[in-house]
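Geometric and topological summary
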Amino acid sequence: MTKELPNIAVLGATGVVGREILNILEESNIQYNSIKFLASARSKGSNIEFKGQNHTVVEAVDEEFDDVNICLASAGGETSKRFASVAAKKGCVFIDNSSAFRMDKDIPLVIAGVNDEDLKNHKGIIANPNCSTSQLMLPLKALNDKYKIKRLIVSTYQAVSGAGLKAINELTDNIKINLVGMPYEPSAFKYEIAFNVIPQIDTFCENGYTKEEMKVTNETRKILHLSDDVKISCTAVRVPVYIGHSEAVSVEFVNKVNAQEARELLKNTWGVEVRDDIATYTYPTPKDAAGKDPVLVGRIRDSIAFDNGLEFFCVADNLRIGAALNTVRLAQKVIEMGLY
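The rules we used
Counting of residues starts from 1 at the beginning of each chain's written sequence and follows it residue by residue. pLDDT decides what is reported in this predicted model: residues at 70 or higher carry local features, side-chain atom pairs at 80 or more are listed and counted, and totals for whole chains, interfaces and linings draw on all residues regardless. To get the side-chain values, all heavy atoms of the structure are used, and hydrogens and water are removed first. Only runs of H or I of at least four residues qualify as helices and only runs of E of at least two qualify as strands under DSSP, and these elements are numbered from the N terminus. Each residue is assigned to one of three classes by its accessible area relative to the maximum for its type, calculated with a 1.4 Å probe on protein chains only: buried under 20%, partly exposed between the two thresholds, exposed over 50%. Distance and chemistry together define a polar contact, namely a pair of N or O atoms within 3.5 Å, with one atom able to donate a hydrogen and the other to accept it when in protein, and with adjacent residues in sequence counting only for side-chain atoms on both sides. Only buried Ala, Val, Leu, Ile, Met, Phe, Trp, Tyr and Cys residues count toward a nonpolar core, and they belong to the same one when joined by side-chain atoms within 4.5 Å. We call two residues contacting when some pair of their heavy atoms lies within 4.5 Å. In this scheme Phe, Tyr and Trp rings, the latter by its six-membered ring, pair at centre separations within 6.5 Å, and the angle between planes marks the pair as stacked below 30 degrees, edge-to-face above 60, and tilted otherwise. Charge over a ring is defined by NZ of Lys or CZ of Arg lying within 6 Å of the ring centre and within 35 degrees of the ring normal. Throughout, the arc means that of the directions going from the helix axis to the C-beta atoms. Whenever a carboxyl oxygen of Asp or Glu lies within 4 Å of a side-chain nitrogen of Lys or Arg, that contact is scored as a salt bridge. Strands were regarded as paired on the criterion that DSSP finds at least two bridges between them. By definition here, a helix of n residues has an expected span of 1.5 Å times n minus one. To obtain the bend at a residue, axes are fitted to the seven residues ending there and to the seven starting there, and the angle between these axes is taken.

Our next topic: unusual backbone geometry. A positive phi angle, near 55 degrees, is found at Phe 195, a position not held by glycine. Residue placement: Phe 195 occurs in the loop between helix 4 (165-179) and helix 5 (211-224). What makes Phe 195 exposed here is its relative accessible area of 59%. In the Ramachandran plot, Arg 299 falls in the positive-phi region, its phi being about 50 degrees despite a non-glycine side chain. With respect to the secondary-structure elements, Arg 299 resides in strand 13 (residues 295-302).

Following this line, the structure appears as structure tokens:
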């Protein structure tokens, strides 16, 4: 028996990621019966143009989930905690972009095309991984399936858009003021971000790592179902780039690997685009990734630090693959698999 098309809601529709979700929904061929746009009381009554029609933003309250089958949520952790269980009890599949539920053992943490089978275990809530984890999973999944990861070291170079609109505006203002030689007092970051890099994203944990670094570590393990024997470490750095997270990846495998074979494997991996030819200085940069869906991978080479090791550089639009795109892809998977 074919299910009726779902009623969809977008929670946090007026935010940076929420608007990107709307853009991707417009581009996609996702099928639904109805759609509504939810936000805070502050945005209630504002207009959103979607697929050529004007829609009025509705305040997110419990009753608005009564007729919703799938909710794409990007409104922050506290808002998700407020509404996720309410929506789930009403029969809605709540796909959450925040960090609120990612490490809950009973809630699947899923990258579309990587661990889709985990969606079958959902109990009304599905977590979308952290942006820096998300882009890493597509190439790592393919490599892990063939070579089996033994150790993973990641250094991220993350765009300011990952910290929201305030951070985007701060980079612009900081640059302008620096260029005229005036002092600048940052508020979105601990230090000035213009012409600078900041080796801290999120707050510090007791082990000296930041929460962002531990997200990459713990989420990677959960998504790829890696055992505790697999050692993972991350250093996360904020850089003065508007859009596009970059990652330098060192990975040691159980099985023998070589760069040429890995390059061909990644060329045939869904969601990955290889840009790798040092003879022509071809490798990915954040500007290449902005506005695009694939994870761009380059600088693929045999490691000189590990016997069965590989080094590569990957870049992705953090607002798309790291947030909005995967949210829409998960909704599409839920519909295709009849899990609503």
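Still to come is the rest of the account.
So, about the environment of Glu 117. Relative to the assigned elements, Glu 117 resides in the loop between strand 7 (93-96) and strand 8 (125-127). On the accessibility criterion, Glu 117 (52% relative accessible area) is exposed. Expressed as a C-alpha distance, the spacing of Glu 117 and Ile 24, which sit 93 residues apart in the sequence, is 23 Å. For Glu 117, the side chain forms a polar contact with the side chain of Lys 120, separated by 2.9 Å.

This part covers the nonpolar core. One finds Leu 25, Ile 70 and Phe 94 to be the most contacted residues of the largest nonpolar core, which totals 89 residues. When residues in this core are grouped by element, the largest group, nine residues, is from helix 8 (residues 320-336). Sequence-distant contacts of Ile 70, defined by excluding residues within four places in its chain, comprise Pro 6, Asn 7, Ile 8, Ala 9, Cys 92, Val 93, Ile 95, Ala 331, Val 334, Ile 335 and Tyr 340. With eight residues, the next largest nonpolar core counts Ile 168, Phe 189, Ala 194 and Ile 198 among its residues.

The next point concerns the packing of aromatic side chains. Evaluation of the coordinates by the stated rule reveals three aromatic pairs. Both rings, one in Phe 37 and one in Phe 50, keep their centres 5.4 Å apart while their planes meet at 65 degrees; by these two values the pair is edge-to-face. Taken together, the positions of Phe 37 in strand 2 (residues 34-39) and Phe 50 in strand 3 (residues 47-50) put the pair 13 residues apart, joining distant regions of the chain. This pair shows no difference in class: Phe 37 is buried, exactly as Phe 50 is. Pairing Phe 65 with Phe 83 gives two aromatic rings, centres 5.5 Å apart and planes at 35 degrees, and the pair type is tilted. You can see Phe 65 sitting in the loop between strand 5 (58-59) and strand 6 (70-73) and its partner Phe 83 sitting in helix 2 (residues 77-89), a full 18 residues away along the chain. Assigned by exposure class, Phe 65 and Phe 83 land together as buried. Seen from the ring of Tyr 340, Lys 3 lies directly overhead, with NZ or CZ sitting 4.6 Å from the centre.

This part is about helix 6 (residues 259-267). Listing the buried residues of helix 6 in full gives Ala 259, Ala 262, Arg 263 and Leu 266. Burial along helix 6 is one-sided: seen end-on, the buried residues are contained in an arc of 105 degrees. Each element contacted by the buried residues of helix 6 is listed here: helix 3 (131-147), strand 12 (272-274), strand 13 and strand 14 (309-316). The backbone nitrogen of Gln 260 has a side-chain oxygen 3.2 Å away, supplied by the residue at the start of helix 6, namely Asn 258.

In total, this model carries 21 salt bridges according to the counting rule given. Where Glu 252 meets Arg 151, a salt bridge forms, and the shortest distance between an N and an O atom there is 3.0 Å. With Glu 252 in strand 11 (residues 245-253) and Arg 151 in strand 9 (residues 149-158), the pair connects residues that are 101 residues apart, well separated along the chain. Residue class for Glu 252 comes out buried when judged on its relative accessible area of 9%. Salt bridges here are not isolated pairs; linked through shared partners, they connect Glu 20, Glu 27, Asp 293 and Arg 320.

So, about the pairing of strand 14. For strand 14, the buried fraction is high: seven of the eight residues fall into the buried class. As defined by bridge partners, strand 11 adjoins strand 14 across eight bridges and the pair is classed as antiparallel. In the sheet register, His 245 faces strand 14, and the bridge partner there is Ala 316. In this sheet, strand 14 lies alongside strand 13 in antiparallel orientation, the contact comprising five bridges. Bridge pairing links Gly 298 to Phe 313 in strand 14.

Its 13 residues give helix 2 an end-to-end C-alpha distance of 19 Å, which sits within 8% of 18 Å, the value for a rise of 1.5 Å per residue. Along helix 2, the sharpest change in direction is near 30 degrees and occurs at Phe 83. All of the buried residues along helix 2 are Ser 80, Phe 83, Ala 84, Val 86 and Ala 87. Next to the buried residues of helix 2 lie strand 1 (7-11), strand 7 and strand 8. Taken from the residues just after helix 2, Gly 91 is the one with a positive phi, measuring 90 degrees.

Moving on, we come to the environment of Gly 309. Its location among the elements puts Gly 309 in strand 14. Under the relative-accessibility criterion, Gly 309 is labelled buried at 3%. When the C-alpha atoms of Gly 309 and Val 254 are compared, they prove to be 9.0 Å apart, with 55 residues separating the residues in sequence.

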